[in-house]
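# Examining the three-dimensional arrangement
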Amino acid sequence: MSLEVFRSLPERVKYCVGLYPFLSSNKESVAQTVIEKISMSSILCSAISCIVSALGLLPRRLTRFLVKRSVGKSWSTASVEALCGHLLQYHTMRNILFLAKTEFEKFAQEPDWMFMKEKQDQISFLFGINDHWGPLTMFEEISKQVPNVALSIEKEGHTHSFSCTKAGSVWVADHVVSLIKHQLQVKADIVKDTMVG
């Protein structure tokens, strides 16, 4: 989505950082295959949304327990509360599945390598070791297609849901700060060279 915004409003975007980027479908991911099949079926979307909204009707203590035992084992309390308080609703789940559907439709196409090449000095990507949404095969493909774009691999063990843990949020924030500082230094050096030359 951030690359789409960049493409639509290039004059407003100074720098785009793709964190654990989902740029194309990963056919080797069982989770993606299941989510794609669900998101493409109106009946399954309705059924899942009904189940999720029913969970939202349970007492908050019980939904917290269920979330902590399933998807939120390592999540922060704030992330568990956000899921229990905001996501366990029919229309929210339908919107999430609609977003997933449109993403899978978009990612059936090849990424826009030409745009990335044109803007490579304004783009960087951070990949995770075991992220099925942004697998290292995509890291390798970007390396081939856009060899001068800034690429990093996080090896601390955070996941695509890094923002649901304090450690993941802090690590990624520090990484983004270092990328922005580097970008600002590059711009300052260009201005300095222009003034000297």
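Here the structure is a predicted model, which is why all the values come from computation and not from measurement.

A separate point is the pattern of salt bridges. Under the definition given, this model contains seven salt bridges. For K106, the salt bridge is made with E4, and the minimal N-O distance between the two is 3.4 Å. Of the two residues, K106 is situated in helix α6 (residues 90–106) and E4 in helix α1 (residues 2–8); the sequence distance between them amounts to 102 residues. For K106, a relative accessible area of 37% corresponds to the partly exposed category. E105 is the partner of K101 in a salt bridge, and the nearest nitrogen-oxygen pair spans 3.7 Å. Placement of the pair is K101 and E105 together in helix α6, with a separation of four residues, close to one helical turn.

What follows covers helix α5 (residues 77–87). Of the positions making up α5, those classed as buried are S79, V80, L83 and C84. For α5, the buried positions fall inside an angular range of 130° around the axis, keeping them on one side. Set apart from the buried face of α5 by more than 90 degrees, the exposed residues are T77, A78 and H86. In the core, the buried residues of α5 are packed alongside α4 (60–69).

This part takes up the sheet that holds strand β2 (residues 123–128). The strand order across the open sheet built from three strands is β1-β2-β3, with neighbouring strands paired in parallel fashion. A strand with exactly one partner marks an edge of an open sheet, and here the two such strands are β1 (16–19) and β3 (150–154). Neighbour-to-neighbour, the strand axes of the sheet open up by a mean angle of 15°, direction not taken into account. As judged from the five bridges shared by β2 and β3, these two strands associate in the parallel manner. Within β3, the position partnered with S124 by the bridge is A150.

Further remarks concern the side chain of E154. In this structure, E154 sits in strand β3. The charged side chain of E154 is buried without a salt bridge, its nearest counter-charge being K155 at 10.0 Å. Within the structure, E154 has its side chain in polar contact with the backbone nitrogen of G157 (distance 2.7 Å). E154 has contacts with Y20, L126, F127, G128, I129 and W171, leaving out every residue within four places of it along the chain.

A few words on the domain arrangement of the protein. Each assigned domain of the protein is listed with its residue range as follows: domain 1 (1–24 + 110–196) and domain 2 (25–109). For domain 1 versus domain 2, the separation of C-alpha centres amounts to 26 Å. Contacts between domain 1 and domain 2 engage 14 residues on the former and 17 residues on the latter. Surface buried jointly by domain 1 and domain 2 totals about 1300 Å² across both partners, of which 60% is contributed by carbon and sulfur atoms. Together, F22, H132 and C164 form the three largest contributors to the area buried by domain 1 at its contact with domain 2, with a combined 40%. For the interface between domain 1 and domain 2, the tally reads one salt bridge. Across the domain 1-domain 2 interface, the total number found is six residue pairs in polar contact (both at pLDDT 80 or more). Of the residues in the side of domain 1 that touches domain 2, the class split is seven nonpolar, five polar and two charged.

Criteria and thresholds
Residues numbered from 1 in each chain as written. Predicted model: local features only at pLDDT ≥ 70, side-chain atom pairs only at ≥ 80, totals over all residues. Heavy atoms only, no water. Salt bridge = Lys/Arg side-chain N within 4 Å of Asp/Glu carboxyl O. Helix = DSSP H or I, 4+ residues; strand = E, 2+ residues; numbered from the N terminus. Buried < 20%, exposed > 50% of the residue type's maximum accessible area, 1.4 Å probe, protein only. Arc of directions from axis to C-beta. Contact = heavy atoms within 4.5 Å. Pairing = 2+ DSSP bridges. Axes fitted to C-alpha atoms, helices over the stretch in contact; angles between N-to-C directions. Lys, Arg positive; Asp, Glu negative; His and termini not counted. Polar contact = N/O pair within 3.5 Å; in protein donor to acceptor, adjacent residues only side chain to side chain. Domains from an automatic or database assignment. Buried area = accessible area lost by both parts, 1.4 Å probe. Nonpolar A, V, L, I, M, F, W, Y, C, P; charged D, E, K, R; others polar.

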